[in-house]
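Residue-level structure breakdown
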Protein chains: 2
Amino acid sequence: MESDDGEVVSNKQVIFKDYVSGALKESDMYITTSTIRLKVPEDCTNGVLVKNLYLSCDPYMRIRMRNFQGSYLSPFKPGSPLSGRGVAKVLDSRHPDYKKGDFIWGITGWEEYSLITATETLFKIHDKDVPLSYYTGILGMPGLTAYAGFYEICSPKKGEFVFISAASGAVGQLVGQFAKLLGCYVVGSAGSKDKVDLLKNKFGFDDAFNYKEELDLDAALKRYFPDGIDIYFENVGGKMLDAVLLNMRVHGRISVCGMVSQYNLEQPEGVHNLMYLVPKRIHMEGFLVSYFFHLFPKYLDMVLPYIKQGKIVYVEDIAEGLENAPAALTGLFAGRNIGKQVVAVSRE
Amino acid sequence: MESDDGEVVSNKQVIFKDYVSGALKESDMYITTSTIRLKVPEDCTNGVLVKNLYLSCDPYMRIRMRNFQGSYLSPFKPGSPLSGRGVAKVLDSRHPDYKKGDFIWGITGWEEYSLITATETLFKIHDKDVPLSYYTGILGMPGLTAYAGFYEICSPKKGEFVFISAASGAVGQLVGQFAKLLGCYVVGSAGSKDKVDLLKNKFGFDDAFNYKEELDLDAALKRYFPDGIDIYFENVGGKMLDAVLLNMRVHGRISVCGMVSQYNLEQPEGVHNLMYLVPKRIHMEGFLVSYFFHLFPKYLDMVLPYIKQGKIVYVEDIAEGLENAPAALTGLFAGRNIGKQVVAVSRE
């Protein structure tokens, strides 16, 4: 029975074992069970105690697993639970903006219950007519990433030739659909037949290919883009970027969102064809979604009607239960997920 | 004695022996002497017959020495004279815009006399109060390259931190002076003590260093730019670019003018740190001067008064005589030139 001090319950957690070099393995994480009191402590001003529902598996998390302080991301702490963005239900709150029963999304722990003190990362969920898990994807950071990376960095125009790598992922599937809505010709690459089918049949890409079946990526791109590429939405890096550089058109734009093929490597692969930036006057620009937080309301105004009208679809790959979280996160770097990888901690 | 058909004279030429792989050697070129009639043939509409005075040695010429048709530059023809930009005097003309006695600059042959048929590359020289050789440099393509690459690609602002590689070269020395005139903090790298002295004492850079004496380019850049680099004017590529990527500031700009350290290599070095484009939102853009020909009059209006007032200086490295042209061009890739490398074929 619940007292005023809150019930003490068991709290399953995904613990980060130690810094990782090379390929991420499930054994770099382990499951443990501790306890938590379901009440924000009195001295914790503005704290929020939540029950976690959905956790987002994101490529950037691999960067936090390195013992490297020089990044824009601080490393995870060995022996502590992972953290990342997720959707949660408020059980108790000392924060004026959140009350018991509210649903929020933002940075939380990889565990059943979290005491969130860095509440500046939280957003209250107002629209619940959509799956709550969408706030880890299309209605969260991946959505804004796709929107800002495509519209703000690429300055796309109707009729342009757009190529997207990791195209069935959390961000890529949206970039492709935004580009189609604008009237672009869109081709995506992905790493399996199922993903390629998804791109062509579900997301409406004009074409798609399995990069693992292409011995010569340059030749593949020439087949799909005989007149070259205007916009490349870069999610993978390495060899694909080198092949794309050979196929860009004059005044082409490369939006560098991430380079997931590189994150498991100790030393990133070298990119050899940067000289091709010169004759074609190619504009290449990196970005973090955090540069574009101000666009979030505008983005939601655009995308929510599209979702409700069925003009934009979103595919998620939901792993059930915290026990499956290490496999889900590891699978992201092996390309095992089909669509946005989410972990469902609890459905309510 | 000159007849109506024009005198036939001997014509010394620098012949391109064969396609080059690896480091350019003087023996990849040879000197020969043919003959030429100093008259535009009757069937050569719009042709111009010139006496060459100054020839420009430019890094891009190395790219034309490869047997590779896929570039924006066609390869030189083995057994034929090299060609490139130069300053010449018109001896005979069937072109309405040029008459005997005019001085012109544009694409000509590496020989004493040339019959120019591709006259669309020519400019008439109006201002002769400056050394004529300047039309291979500050008043020609390198000048416009520096101007457009700095002002148009980098969007520089007063007080920004600017780094220039190959900084004493034809383009770099001007970018540095433009940046100083705008009120930027400017540091250059070069490959010898003499060049470093030139940067600091002649061109007014705030500081300069010899990259050959730095075992750790990243550490060197951190020494000169403790707060990071806003603008990098890229002339060299390879390891320097990798070190710069570690030191760029948020919203930094990299103008990719060329990558001279790579042109003698069969396979360009890999660049490993492109992921750093992402967190800092770095804008990297290549360009060719030909995208900016429309700015040429505006550029001349700016730079000619600066030259005459001594506010901008220009250092040339002039090799005397066609015999020394192969060594001059070869030296460019070994960094032997101090300032803009020119070949004086004839002083008048």
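For clarity, every value in this text was computed on a predicted model and none was experimentally measured.

**With respect to the overall build of chain A**
Summing up its helical and strand segments, chain A has 7 helices and 15 strands in all. With the C-alpha coordinates aligned to their principal axes, the bounding extent of chain A is approximately 70 × 45 × 35 Å. Each of the 348 residues in chain A was classed as buried or not, and the buried ones make up 59%. Taking all contacts inside chain A whose residues are at least 6 apart in sequence as the whole, residues at least 24 apart take part in 69%.

**A few points about the UniProt feature "domain: Enoyl reductase (ER)" (unreviewed entry) in chain A**
The feature "domain: Enoyl reductase (ER)" (unreviewed entry), as annotated in UniProt, sits at residues 48-343 of chain A in this numbering. Annotation note: span residues 48-343 of chain A, helix share 25%, strand share 25%, distance between end C-alpha atoms 21 Å.

**A closer look at the packing of helix α2 (residues 172-182) of chain B against helix α6 (residues 296-308) of chain B**
Residue and element names in this part refer to chain B. Relative to each other, α2 and α6 sit at 85°, their axes nearing to 13 Å. Here α2 is positioned roughly perpendicular relative to α6, judged by the angle of their axes. Along its contact with α2, which presents L174, F178 and L181, the element α6 presents Y299, M302, V303 and Y306. Looking at side-chain class alone, the contact of α2 with α6 contains 7 nonpolar, no polar and no charged residues.

**Things to note about the pattern of salt bridges**
The full count for this structure, using the stated rule, is 34 salt bridges over all chains. Here E285 of chain A and R281 of chain B are joined by a salt bridge, their closest N and O atoms 2.9 Å apart. Residue E285 of chain A is located in strand β13 (residues 283-286), and its partner R281 of chain B is located in the loop between β12 (248-256) and β13 (283-286); the two belong to separate chains. The pair formed by E285 of chain A and R281 of chain B is uniform in burial state, with each residue classed as buried. K239 of chain B is paired through a salt bridge with E269 of chain B; the nearest N and O atoms lie 2.4 Å apart. Within this pair, whereas K239 of chain B is found in helix α5 (residues 238-245), its partner E269 of chain B is found in the loop between β12 and β13, the two being separated by 30 residues in sequence. The class for K239 of chain B is exposed, based on a relative accessible area of 57%. Residue E269 of chain B is classed as partly exposed on the basis of its relative accessible area of 25%.

**Let's talk about the relation of the copies chain A and chain B**
With an axial shift of 0.0 Å and an RMSD of 0.0 Å, the rotation relating chain A to chain B amounts to 180°. A rotation of that kind, with that shift, is consistent with a two-fold axis. For chain A, the minimum C-alpha distance to the rotation axis belongs to G270 of chain A and amounts to 1.8 Å. Of the residues that chain A buries at the interface, 100% are likewise interface residues in chain B, meaning the two copies contact each other through the same surface.

**Digging into the interface of chain A and chain B**
Reports of interface size often rely on the accessible area that becomes lost once the parts have come together. Contact with chain A, which involves 35 residues of that partner, is made by 35 residues of chain B. Taking both sides of the interface into account, the surface hidden between chain A and chain B amounts to around 2,800 Å²; carbon and sulfur atoms contribute 64%. Summed over the shared surface of chain A and chain B, the number is 2 salt bridges. Joining chain A to chain B, the criterion identifies 14 residue pairs in polar contact (both at pLDDT 80 or more). Looking at the side of chain A that touches chain B, the elements that each hand over two or more residues are β12 (248-256) and β13 of chain A. By residue number, the principal contributor to the side of chain A that touches chain B is β13 of chain A, which donates 4 residues.

**Quick look at the environment of S155 of chain B**
Residue and element names in this part refer to chain B. Its location among the elements puts S155 in the loop between α1 (141-154) and β8 (161-164). The exposure class of S155 is partly exposed, given its relative accessible area of 43%. The spatial distance from the C-alpha of S155 to the C-alpha of I231 is 8.9 Å, given a sequence separation of 76 residues. The residues touching S155, leaving out its near neighbours within four places in the chain, are F150, E160 and R253.

**Some remarks on the sheet that holds strand β11 (residues 229-234) of chain A**
Read from one edge of the open sheet, 12 strands run β10(A)-β9(A)-β8(A)-β11(A)-β12(A)-β13(A)-β13(B)-β12(B)-β11(B)-β8(B)-β9(B)-β10(B), paired in mixed fashion. Each edge of the sheet is formed by a strand with only one pairing partner; in this case those strands are β10 (207-210) of chain A together with β10 (207-210) of chain B. Within this sheet the neighbouring strands show an average axis-to-axis angle of 15°, counted without direction. Note that β12 of chain A and β13 of chain A share 4 bridges and pair parallel. By the bridge assignment, S255 of chain A is partnered in β13 of chain A with E285 of chain A. Sitting on the sheet, helix α2 (residues 172-182) of chain A touches β8 (161-164), β9 (185-190) and β11 of chain A, and the angle it makes with β8 of chain A is about 170°. This element, helix α3 (residues 193-202) of chain A, spans β9 and β10 of chain A of the sheet and lies at about 175° to β10 of chain A.

**A look at the packing of aromatic side chains**
As enumerated under the stated definition, the model contains 42 aromatic pairs over all chains in all. Their ring planes at 65° and their centres at 6.2 Å tell us that F16 of chain B and Y19 of chain B sit as a pair that is edge-to-face. For F16 of chain B, a relative accessible area of 0% translates into the label buried. In this structure Y19 of chain B comes out as partly exposed when scored by relative accessible area, which is 33%. By the ring-pair criterion, three or more aromatic residues cluster together here, those being W105, F123, Y147, F150, Y151, F178, F296 and Y299 of chain A.

**Quick look at the domain arrangement of chain A**
All names here are of chain A. Domain assignment breaks chain A into domain 1 (8-137 + 315-344) and domain 2 (141-290). With 25 residues of domain 1 at the interface, the matching set in domain 2 holds 19 residues. Together, the buried faces of domain 1 and domain 2 total about 1,600 Å²; carbon and sulfur atoms form 60% of this surface. Remark: the boundary between domain 1 and domain 2 carries 0 salt bridges. At the junction of domain 1 with domain 2, the criterion picks out 8 residue pairs in polar contact (both at pLDDT 80 or more). Considering only residue class, the side of domain 1 that touches domain 2 consists of 12 nonpolar, 7 polar and 6 charged.

**Let's talk about unusual backbone geometry**
Positioned with a positive phi, A166 of chain A is a non-glycine residue whose angle comes to about 50°. With respect to the element layout, A166 of chain A can be found in the loop between β8 and α2. With a phi angle near 70°, N46 of chain B is a residue other than glycine that sits in the positive phi range. Here N46 of chain B lies in the loop between β2 (29-37) and β3 (48-56).

**Points about the state of the cysteines**
Residues and elements named next belong to chain B. Tallying each qualifying case throughout the model produces 0 disulfides over all chains. As a non-bridged cysteine, C154 has C184 as the owner of its nearest cysteine sulfur, 9.5 Å distant. In this structure C257 is not part of a disulfide, and its nearest cysteine sulfur, from C154, lies 9.9 Å away.

Conventions and cut-offs
Residues numbered from 1 in each chain as written. Chains lettered and ligands numbered in written order. Predicted model: local features only at pLDDT ≥ 70, side-chain atom pairs only at ≥ 80, totals over all residues. Heavy atoms only, no water. Helix = DSSP H or I, 4+ residues; strand = E, 2+ residues; numbered from the N terminus. Buried < 20%, exposed > 50% of the residue type's maximum accessible area, 1.4 Å probe, protein only. Contact = heavy atoms within 4.5 Å. UniProt positions renumbered as here; feature names shortened; annotations may be inferred. Axes fitted to C-alpha atoms, helices over the stretch in contact; angles between N-to-C directions. Parallel < 35°, antiparallel > 145°, perpendicular 65-115°, else oblique. Nonpolar A, V, L, I, M, F, W, Y, C, P; charged D, E, K, R; others polar. Salt bridge = Lys/Arg side-chain N within 4 Å of Asp/Glu carboxyl O. Least-squares fit on C-alpha atoms with pLDDT ≥ 70 in both. Buried area = accessible area lost by both parts, 1.4 Å probe. Polar contact = N/O pair within 3.5 Å; in protein donor to acceptor, adjacent residues only side chain to side chain. Pairing = 2+ DSSP bridges. Phe/Tyr/Trp six-rings, centres within 6.5 Å; stacked < 30°, edge-to-face > 60°. Domains from an automatic or database assignment. Disulfide = S-S within 2.5 Å.

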